[in-house]
Amino acid sequence: MLKFVIVLSVVSCVLAAPTSEGLQPQLDGRIVGGVPTTISSFPWQISLQRSGSHSCGGSVYSENIVVTAAHCLSSMPALSILRVRAGSSYWNSGGIFSQVAAYKIHELYGQDGMSNDIALILLATPLKFSSTIKPIPLAVTAPPDGAVAVITGWGTKRSGSQTLPTQLQAVNLEVVSLAKCASNAYGYGEEVTETMICAYTSGKDSCQGDSGGPMVAGGVLVGVVSWGMGCAFPNYPGVYADVAALHTWVENTADALTSQFN
Ligand code: ARG
C-alpha cells in the first residue's frame, strides 16, 4: 500500500495533476522549499510586471538598469504594458513602480537552446537607493561547484501551480558547475551549454515566475533564473544564465542603453 501511494504521488507530480497536499512529496514552501523573506535582505530584487501581473524577477544593476532573463522579453512586449516594482517584499503593492523606457535582449539569446538568456531593462524613473533598493555587483568568476547560493522570487511554490505567493520567497541551493550539470550525473546532457550554470538541492528549486531573478553567492550576482525540467524534479537542477560568462555584455550594454537615452 505504501509503495502504491509513493508511485501515485510521483506520477501526479510529473503530470502536475491536482493532488491532495497529503500525497505531495515534501515540497512544502515557496519558490520550491523556501521561506518567506523581506526585501531589506534582498534589496536588489525587483518584480517585472506585464499588464499589472507579476511575470518575472530581476536584479537592480544601477539607478536605471535592471538585469533580467531574455526569455522574459523575447515575445517583444510593448513598453507601455511593462512596469518594474522595486523596494517591496510584495509583488502587488508598495515600493516604487516605474515604467520601462527601453529593453535590450542579448543578441545571441537562443542561438543554442536557451543560451545567453539575459536582458537589460532601462527604467523610465531612476531608482533612489535605500535600505530596500540597492544594486548587486556582477560576478566576474563563476562560483565553484558546491558553493551555497541564495535564490529569491515570487515564483510558484511547486511545479504546475497556478498561484504566485505575494510575499518574496528565498531558498538556499548548491551551485552545480557547468561541467557537472552537463554530465551524466544529471538529466540534461547537451542542453546545458557555455553560458549556463546550475543549482540543485533535493526538494528545493526556483520555479515558474522566478525567471529573470537573482542567484547570489558571496555577495555578487552569479546567476539569472532561466529554465528547468519542472521544478525540484530529482536529477534535474535549475539552470541559470552564468553572470560571470556574461558580465562584459551587461556592462557594455548598460553603458550603451544609458547613454542612448540620456
Ligand atoms: N522559465 C521559468 C520562468 O519563466 C523559470 C524556471 C526555473 N525552473 C527551475 N526548475 N529552476 O519563470
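Residues numbered from 1 in each chain as written. Predicted model: local features only at pLDDT ≥ 70, side-chain atom pairs only at ≥ 80, totals over all residues. Heavy atoms only, no water.

Let me state the cut-off plainly: UniProt positions are given in the numbering used here, feature names are shortened, and annotations may be inferred rather than shown by experiment.
If you look the protein chain up in an unreviewed UniProt entry, it shows as Trypsin delta/gamma from Zeugodacus cucurbitae. The Subcellular location (unreviewed entry) comment attached to the protein chain in UniProt states, word for word, "Secreted". Entered under Sequence similarities (unreviewed entry) in the UniProt record, the comment concerning the protein chain runs "Belongs to the peptidase S1 family."

**Description of the overall build of the protein chain**
As a reminder, the rule being used: Numbering goes from the N terminus for both helices and strands, where a helix is a DSSP run of H or I of at least four residues and a strand is a run of E of at least two. Under the scheme applied here, a residue whose accessible area is under 20% of the maximum for its type counts as buried, over 50% as exposed, and between as partly exposed, the area being computed with a 1.4 Å probe on protein chains only. In these tables, accessible area is a Shrake-Rupley quantity obtained with a 1.4 Å probe, and a residue counts as shielded only by the protein chains included in the view.
Summing up its helical and strand segments, the protein chain has 3 helices and 13 strands in all. Taking all 262 residues of the protein chain together, the buried fraction comes to 51%. Within the structure as shown, the protein chain displays about 11500 Å² of accessible surface, and the carbon and sulfur contribution to it stands at 56%.

**Notes on the pairing of strand β5 (residues 82–86)**
Threshold: For two strands to be treated as a pair, DSSP must find no fewer than two bridges joining them.
Judged by how many residues are buried, β5 sits mostly within the fold: 4 of 5 residues are covered. In the sheet, strand β2 (residues 45–50) pairs with β5 via 5 bridges, with the strands oriented antiparallel. Bridge assignment links Ile-46 to a residue of β5, and that residue is Ala-86. As judged from the 4 bridges shared by β5 and strand β6 (residues 96–105), these two strands associate in the antiparallel manner. Note on β6: the bridge partner recorded for Ala-86 is Ile-96.

**Brief notes about the pattern of salt bridges**
For clarity, the cut-off: When a carboxyl oxygen of Asp or Glu is within 4 Å of a side-chain nitrogen of Lys or Arg, the pair counts as a salt bridge.
One pass over the structure, following the stated rule, counts 2 salt bridges. Residues Lys-104 and Glu-107 are paired through a salt bridge, measuring 3.5 Å at the closest nitrogen-oxygen approach. The residue Lys-180 makes a salt bridge to Asp-145 at a minimum N-O spacing of 3.8 Å. Placement of Lys-180 in helix α2 (residues 178–181) and of Asp-145 in the loop between β7 (119–123) and β8 (148–153) is noted, with a sequence separation of 35 residues between them. Classification of Lys-180 as partly exposed rests on a relative accessible area of 37%.

**Considering the sheet that holds strand β3 (residues 53–60)**
Quick note on the threshold: Axis definition: a line fit to C-alpha positions, over the contact stretch in the case of helices; interaxial angles, taken between N-to-C directions, run 0 to 180 degrees.
Read around the barrel, 6 strands follow the order β2-β3-β4-β7-β6-β5 and close on themselves; strand pairing throughout is antiparallel. This sheet shows a mean twist of 45° between the axes of neighbouring strands, independent of strand direction. Strand direction decides the pairing type here: strand β4 (residues 65–68) and β7, joined by 4 bridges, are antiparallel. When the sheet's bridge partners are listed, Thr-68 is paired in β7 with Ala-119.

**Looking at the site of the ligand**
This is how the line gets drawn: Here, proximity means that at least one heavy atom of the residue falls within 4 Å of the molecule or strand. Whenever a nitrogen or oxygen atom comes within 3.5 Å of another N or O atom, the pair is scored as a polar contact, on the condition that within protein one atom can donate a hydrogen and the other can accept it, and that pairs from neighbouring residues in sequence are kept only if both atoms are in side chains.
Taken together, the neighbourhood of the ligand is formed by 15 residues, with Asp-205, Ser-206, Gly-209, Ser-211 and Gly-230 sitting nearest. Gly-209 places a main-chain nitrogen or oxygen 2.7 Å from an oxygen atom of the ligand. The contact in question runs from an oxygen atom of the ligand to an N or O atom on the side chain of Ser-211, over 2.4 Å. The fraction of the free accessible surface of the ligand (350 Å²) that becomes covered by protein chains is 90%. Ranked by the residues each element gives to the shell around the ligand, the list is headed by strand β12 (residues 220–227), at 3 residues.

**Details of the state of the cysteines**
Selection criterion: Note that a disulfide, as used here, is simply two cysteine sulfur atoms within 2.5 Å.
Evaluation of the coordinates by the stated rule reveals 3 disulfides. There is a disulfide in this structure between Cys-56 and Cys-72, and the S-S distance comes to 2.1 Å. With the S-S bond torsion at -90°, the cross-link from Cys-56 to Cys-72 turns out left-handed. Within this pair, whereas Cys-56 is found in strand β3, its partner Cys-72 is found in the loop between β4 and β5, the two being separated by 16 residues in sequence. By the burial criterion, Cys-56 is buried, and Cys-72 matches it. Across the disulfide, Cys-207 is cross-linked to Cys-231 (sulfur-sulfur distance 2.0 Å). Looking along the S-S bond of the Cys-207-Cys-231 disulfide, the torsion reads about 85°, which is the right-handed sense. Here Cys-207 is found in the loop between β10 (196–200) and β11 (214–217), whereas its partner Cys-231 is found in the loop between β12 and β13 (238–242), with 24 residues between them in sequence.

**Things to note about the environment of Asn-184**
Along the chain, Asn-184 falls in the loop between α2 and β10. On the accessibility criterion, Asn-184 (78% relative accessible area) is exposed.

**With respect to the nonpolar core**
For clarity, the cut-off: Residue types Ala, Val, Leu, Ile, Met, Phe, Trp, Tyr and Cys, when buried and joined through side-chain atoms within 4.5 Å, form a set referred to as a nonpolar core. The contact definition used throughout considers only heavy atoms, calling two residues in contact when any of these lie within 4.5 Å.
Counting 46 residues, the largest nonpolar core has Leu-48, Leu-73, Val-84, Leu-120 and Ile-121 as its most contacted members. Contributions of two or more residues to this core are made by β2, β3, β4, β5, β6, β7, β12 and α3 (243–260). A total of 6 residues in this core trace back to one element, the largest contributor, which is α3. Non-local contacts of Leu-48, meaning those with residues more than four positions away in its chain, are made with Ser-53, His-54, Ser-55, Cys-56, Thr-68, Cys-72, Leu-73, Leu-82, Arg-83, Val-84 and Ile-121.

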